[in-house]
Amino acid sequence: MNILNFGSLNIDLVYQVEHIVRPGETIASSAHQVFAGGKGANQSAALARAGATVFHAGQVGQDGQWLVDTLAGQGVDVQHIRVGDVPTGHALIQVDRHGQNSIVLFAGANAQIDRGAINAVLAHFDRGDMLLLQNEINDVSYLIAAAAARGLTVCLNPAPFGPQVRAYPLESVDWLIVNETEATGLAGAATLAALAALCPHAHIALTLGAAGVQYRSPTEQFHLPAPQVEAVDTTGAGDTFIGYFLHGLTAGLTARDAIARAVQAAALCVTRPGAMGSIPAANEID
Ligand code: RIB
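Note that the structure is a prediction, hence the values are computed from the model and not measured.

A. Spotlight on the site of the ligand. Close to the ligand lie 14 residues; Asp12, Gly38, Lys39, Glu136 and Asp239 are nearest. Take lysine 39: an N or O atom from its side chain is 3.0 Å from an oxygen atom of the ligand. When the ligand sits alone it has 280 Å² of accessible area, and the protein chains cover 97% of it. Of all the elements in the fold, those that place two or more residues in the shell around the ligand are strand S2 (10-16), helix H1 (39-50) and strand S7 (101-106). In terms of residue class, the shell around the ligand is made up of four nonpolar, six polar and four charged.

What follows is the structure in structure tokens.
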């Protein structure tokens, strides 16, 4: 099975702060770094590090060629990433002394994807392949519908959540992966039952941070705890989970085993700074 991830690529501008800045406040940061990021790109990197064959599609500006090169260096197929004239998306990220973050996004080129490009990319994929989507690019609704019409398995991680997600064709989603914020925004409550009412046929993973993961499919339901670790930076933990989870599934693991492996990978990710650079390699999980 080929995995196509149609998603964002961001330049992450990361600032270490004592606490997340409050309204009206100006604070100094103790360190500043620039990393490759974007939920889409991070998830492609995590898939590749886990061992999957993954094609990333999306758009950057001339200032984002290094992101494409970085993804290619991870083993991601980048032939479907366009380089245009609108500047690359970026994320302004504060990380506090507890490893918690706060992120402001500017979509840039991530919001410039046109249907011609979408149709041209989807034409390379077919029944049996998987399309992975987040919510950092434009036209996600069209992508879900067009991929489902081609017979692709659709996996949606509606992050970051916005009210427009409620109008997406959720009945066409086969795999739904959400955290508590996204679940509450989408279904009014962070429960599997509320999510299943929206996507009755989907396999659903509800990630709960340090409390682990709840999972539900039409035939089973369970909860798996997460290993307790000292968090340095939680950025990218959800993306790491998704990459390892989907690779596990496509490699033939049961949902339980794929989640068990993915929570280990996410736990390791939060012990390191940055997003894409903190995703562990498969041999570190083994
Ligand atoms: O999930 C982490 C990512 O969210 C960061 O890399 C940042 O770019 C934002 O999209």
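Don't stop here, the text continues.
B. Spotlight on the packing of aromatic side chains. Under the definition given, this model contains four aromatic pairs. Between phenylalanine 55 and phenylalanine 125 the ring centres are 5.3 Å apart and the planes differ by 80°, which places this aromatic pair in the edge-to-face class. Separated by 70 residues along the polypeptide, phenylalanine 55 in strand S4 (residues 54-61) and phenylalanine 125 in the loop between helix H3 (115-122) and strand S8 (130-133) bring together distant segments of the chain. With relative accessibility at 14%, the residue phenylalanine 55 sits in the buried group. Residue phenylalanine 125 is classed as buried on the basis of its relative accessible area of 2%. Aromatic pair phenylalanine 241 and phenylalanine 245: ring centres 5.5 Å apart, planes at 25°, arrangement stacked. Here the residue phenylalanine 241 and the residue phenylalanine 245 both occupy positions in helix H7 (residues 237-250), the gap between them amounting to four residues, near one helical turn. The residues phenylalanine 241 and phenylalanine 245 share a single accessibility class, namely buried. An aromatic cluster is built from Trp175, Phe241 and Phe245, whose rings are joined through pairwise contacts.

C. Looking closely at unusual backbone geometry. Across the junction of alanine 159 and proline 160, the peptide omega takes the value -5°, indicating a cis bond. Mapped onto the elements, proline 160 comes out in the loop between strand S9 (153-156) and strand S10 (175-179). Even without being a glycine, aspartate 139 presents a positive backbone phi close to 65°. Mapped onto the elements, aspartate 139 comes out in the loop between S8 and helix H4 (140-149). Owing to a relative accessible area of 23%, aspartate 139 belongs among the partly exposed residues under this scheme.

D. Structural context of H4. Listed as buried for H4 are Val140, Leu143, Ile144, Ala146 and Ala147. Buried residues along H4 sit in contact with strand S1 (3-6), H3, S8 and S9. The positive-phi residue at the C-terminal boundary of H4 is glycine 151, with phi of around 90°.

E. Examining the sheet that holds strand S11 (residues 203-207) more closely. Taken in spatial order, the nine strands of this open sheet run S5-S4-S1-S8-S9-S10-S11-S12-S13, and their pairing is mixed. The outermost strands of the open sheet, each flanked by one partner alone, are strand S5 (77-84) and strand S13 (221-224). On average, each strand axis in the sheet is inclined to that of its neighbour by 15°, with strand direction left out of account. The sheet contact formed by S1 and S8 spans four bridges and is parallel. Residue pairing across strands places isoleucine 3 opposite methionine 130, the latter belonging to S8. Contacting S1, S4 and S8, H1 runs over the sheet at an angle of about 150° to S4.

F. Structural detail: the nonpolar core. Of all hydrophobic cores here, the largest spans 45 residues; its most connected members are Leu71, Ile177, Phe241, Tyr244, Phe245, Leu246 and Ile259. The element that contributes the greatest number of residues to this core is helix H8 (residues 255-269), accounting for seven residues. With residues near it in sequence (within four places) discarded, leucine 246 still touches Leu47, Met130, Leu132, Cys155 and Ile177. The next biggest cluster of nonpolar side chains, apart from the first, holds 36 residues, and it includes Leu122, Ala147, Leu186 and Ile204.

G. Structural view of the pattern of salt bridges. Evaluated as defined, the whole model comprises six salt bridges. With its nearest N and O atoms 3.3 Å apart, the salt bridge here joins arginine 97 to glutamate 18. One end of the pair, arginine 97, is in the loop between strand S6 (89-95) and S7; the other, glutamate 18, is in the loop between S2 and strand S3 (31-37), with 79 residues separating them in the sequence.

What counts and what doesn't
Residue numbers restart at each chain and count upward from 1, following the sequence in its written direction. Under the rules for a predicted model, residues below a pLDDT of 70 receive no local features and side-chain atom pairs below 80 are neither given nor counted, while totals for whole chains, interfaces and linings still include all residues. The basis for every side-chain value is the complete set of non-hydrogen atoms in the structure, without hydrogens or water. Any residue with a heavy atom lying within 4 Å of a molecule or strand is counted as near it. Side-chain atoms alone can form a polar contact between residues adjacent in sequence; in general such a contact is a pair of N or O atoms within 3.5 Å, and within protein one must be able to donate a hydrogen while the other accepts it. The method behind every accessible area is Shrake-Rupley, applied with a 1.4 Å probe, and residues are considered shielded solely by the protein chains displayed. Runs of E in the DSSP output that reach at least two residues are strands. Runs of H or I that reach at least four are helices, and both are numbered from the N terminus. Each residue gets one of three labels, nonpolar for Ala, Val, Leu, Ile, Met, Phe, Trp, Tyr, Cys and Pro, charged for Asp, Glu, Lys and Arg, and polar for the others, Gly among them. Between the rings of Phe, Tyr and Trp (Trp by its six-membered ring), a pair exists once the centres lie within 6.5 Å; its type follows the angle of the planes, with under 30 degrees stacked, over 60 edge-to-face, and the other angles tilted. Note on exposure labels: buried denotes an accessible area under 20% of the residue type's maximum, exposed denotes more than 50%, and partly exposed covers the range between, all computed with a 1.4 Å probe on protein chains only. By definition in these notes, contact holds between two residues if any of their heavy atoms fall within 4.5 Å. If DSSP finds at least two bridges between two strands, the strands pair. Simply put, an axis is a line fit to the C-alpha atoms, just over the touching stretch for a helix, and the angle between two N-to-C directions goes from 0 to 180 degrees. Only buried residues count toward a nonpolar core, which is a set of Ala, Val, Leu, Ile, Met, Phe, Trp, Tyr and Cys residues joined through side-chain atoms within 4.5 Å. Here, a salt bridge means any side-chain nitrogen of Lys or Arg that lies within 4 Å of a carboxyl oxygen of Asp or Glu.

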